[in-house]
Amino acid sequence: MRRWLVAGNWKMNNTIEEAIKLATTVRENTYDIKGGDIILAPPYTLLHGVKEVIEGSNIFLAAQNMFYEDKGAYTGEISPAMIKDAGCTYVIIGHSERRKYFGETDEVVNLKTKKALKEGLKPIVCVGETDVERDKGITSYVVGIQVRKALYGIEFSEDIVIAYEPVWAIGTGRNATSEQAEEVHRFIRGILKELYGTPSERTRILYGGSVTADNIGELINMENIDGALVGGASLKSDSFVGIIRKVSENRKC
Ligand code: PEP
C-alpha cells in the first residue's frame with residue numbers, strides 16, 4: 001500500500017544554528033521509525049546545512065518552491081537543478097501562501113510541477129479552498145479545478161504527491177475534521193482515478209492545516225489520508241516527532 005509521508009514546512013523561519021539543532025533532534029528521535037517518509041523543508045539558505053545533518057538517515061530534504069526555468073536573468077529565483085544540487089528530493093509547489101502573496105496561478109503551478117518531474121524532483125502539489133469558498137459550498141469545484149490544472153498534460157508518476165490544505169486551516173489552529181478532510185481526499189482520489197486509472201491508487205494525498213500530535217491520530221485513520229504537511233508544529237522537535245510517531249503507529253494501511 002501507500003507509504004505514509006510527513007513533511008515539515010518551516011516557511012520563513014530559523015537561522016542556520018537553529019536549523020541544525022532542530023534537524024539534529026528530529027534525526028535523533030526518528031531513527032527507529034519505519035514504513036514511511038519524513039521530509040524537512042527549510043528555507044533555501046538552510047538546505048545545505050540541513051542536508052549535512054540528515055545525510056544517511058531516513059529523512060528527505062524538500063525546497064519550499066522553485067522556478068520552472070533552468071537558468072538566466074530571473075533575479076531572486078532558484079532553479080530545479082540548484083535545489084537538487086543542495087540535496088533536495090522533493091519540492092513543495094503551489095502552497096497557498098505562494099498563491100496568495102506571490103500571485104502563483106494554477107498555470108504556474110502546472111509549469112512548476114511539469115518541470116520538477118522532468119528534473120527528477122518529487123513535487124508536493126498544494127491545493128485547497130478558502131473559508132469563503134467552503135461557506136459558499138464550492139469546495140469540490142475549487143479543489144477540482146486546482147488539481148486538474150496542476151496536472152494538465154502530465155503523465156502518471158508515482159512521484160507526484162498532492163497536499164490538501166484548506167486555506168482556512170493553515171496557521172489558524174482550526175483544523176479540518178477527519179470527516180471533512182477525508183471527503184475532499186476521496187474527491188481528489190476520484191479525479192486522479194479518472195486521469196490515471198488504477199495506478200493513481202499509489203498517489204499519496206497529504207492533509208495540511210493546523211496539524212498537531214493531538215489531532216493527527218484521527219486524521220491518519222482515514223482511508224485516503226496518507227500523511228501530513230505540517231507548518232507551525234514542525235518548528236518544534238517535540239511536536240513534529242510526536243506527529244511522525246502518531247502517523248507511524250495509527251496508519252492502518
Ligand atoms: C503549511 O504551512 O503547509 C501548514 C499546513 O501550516 P500549519 O500546520 O501551521 O497550519
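Structure: above.
Note that the structure is a prediction, hence the values are computed from the model and not measured. (Residues numbered from 1 in each chain as written. Predicted model: local features only at pLDDT ≥ 70, side-chain atom pairs only at ≥ 80, totals over all residues. Heavy atoms only, no water.)

A look at the site of the ligand
Phase 1 of the analysis: Lys11, Glu165, Gly171, Ser210 and Gly232 are the nearest of the 14 residues found near the ligand.
Phase 2 of the analysis: Side-chain polar atom of Asn9 to an oxygen atom of the ligand: 3.3 Å apart, as the coordinates give it.
Phase 3 of the analysis: Contact between the ligand and His95: an oxygen atom at 2.9 Å from a side-chain N or O atom of the residue.
Phase 4 of the analysis: Protein contact buries 95% of the 290 Å² of open area that the ligand shows by itself. (Near = heavy atom within 4 Å. Polar contact = N/O pair within 3.5 Å; in protein donor to acceptor, adjacent residues only side chain to side chain. Areas by Shrake-Rupley, 256 points an atom, 1.4 Å probe, with all protein chains shown as cover.)

Some remarks on the side chain of Asn9
Phase 1 of the analysis: Relative to the helices and strands, Asn9 is located in strand β1 (residues 4-9).
Phase 2 of the analysis: Judged by its relative accessible area of 4%, Asn9 falls in the buried class.
Phase 3 of the analysis: Residues in contact with Asn9, not counting those within four places in the same chain, are Ala41, Gln64, Ile92, His95, Leu229, Val230, Gly231 and Ser234. (Helix = DSSP H or I, 4+ residues; strand = E, 2+ residues; numbered from the N terminus. Buried < 20%, exposed > 50% of the residue type's maximum accessible area, 1.4 Å probe, protein only. Contact = heavy atoms within 4.5 Å.)

Comments concerning helix α8 (residues 178-196)
Phase 1 of the analysis: With 19 residues, α8 ought to run about 27 Å at 1.5 Å a step, and its terminal C-alpha atoms sit 26 Å apart, in line with that.
Phase 2 of the analysis: Residues Ser178, Ala181, Glu182, Val184, His185, Ile188, Arg189, Ile191, Leu192 and Tyr196 constitute the buried set of α8.
Phase 3 of the analysis: Contacts made by the buried residues of α8 are with β5 (122-127), α6 (131-135), α7 (139-150), β6 (161-164), β7 (204-208) and α9 (216-220).
Phase 4 of the analysis: Of the residues trailing α8, Gly197 is marked for its positive phi of about 70°. (Expected span 1.5 Å × (residues − 1).)

Overview of the pattern of salt bridges
Phase 1 of the analysis: For the coordinates displayed, the defined rule picks out 19 salt bridges.
Phase 2 of the analysis: Measuring nitrogen to oxygen at the nearest pair gives 2.6 Å for the salt bridge that ties Lys115 to Asp70. Taken together, the residues Lys115 in helix α5 (residues 106-118) and Asp70 in the loop between β3 (59-63) and α3 (80-85) connect sequence positions 45 residues apart.
Phase 3 of the analysis: What makes Lys115 buried here is its relative accessible area of 10%.
Phase 4 of the analysis: Notably, a salt bridge pairs Glu104 with Lys112, separated by 2.7 Å at the nearest N-O pair.
Phase 5 of the analysis: Owing to a relative accessible area of 3%, Lys112 belongs among the buried residues under this scheme.
Phase 6 of the analysis: Salt bridges sharing common partners tie together Arg2, Arg189, Asp226 and Arg251. (Salt bridge = Lys/Arg side-chain N within 4 Å of Asp/Glu carboxyl O.)

Side note on the packing of α7 against α8
Phase 1 of the analysis: The interhelical angle for the contact between α7 and α8, taken along N-to-C directions, is 40°, at an axis separation of 10 Å. Judged by the angle between their axes, α7 and α8 are oblique. Where α7 crosses over α8, the two elements pack in a sense that is right-handed. Between α7, through Thr139, Ser140, Val143, Gly144, Val147 and Arg148, and α8, the contact on the second element is made entirely by Val184, Phe187, Ile188, Ile191, Glu194 and Leu195.
Phase 2 of the analysis: Residue composition of the contact of α7 with α8, grouped by class: seven nonpolar, three polar and two charged. (Axes fitted to C-alpha atoms, helices over the stretch in contact; angles between N-to-C directions. Parallel < 35°, antiparallel > 145°, perpendicular 65-115°, else oblique. Left-handed = near helix turned anticlockwise from the far one by under 90°. Nonpolar A, V, L, I, M, F, W, Y, C, P; charged D, E, K, R; others polar.)

Everything listed is a geometric property; what it means functionally is a separate question.
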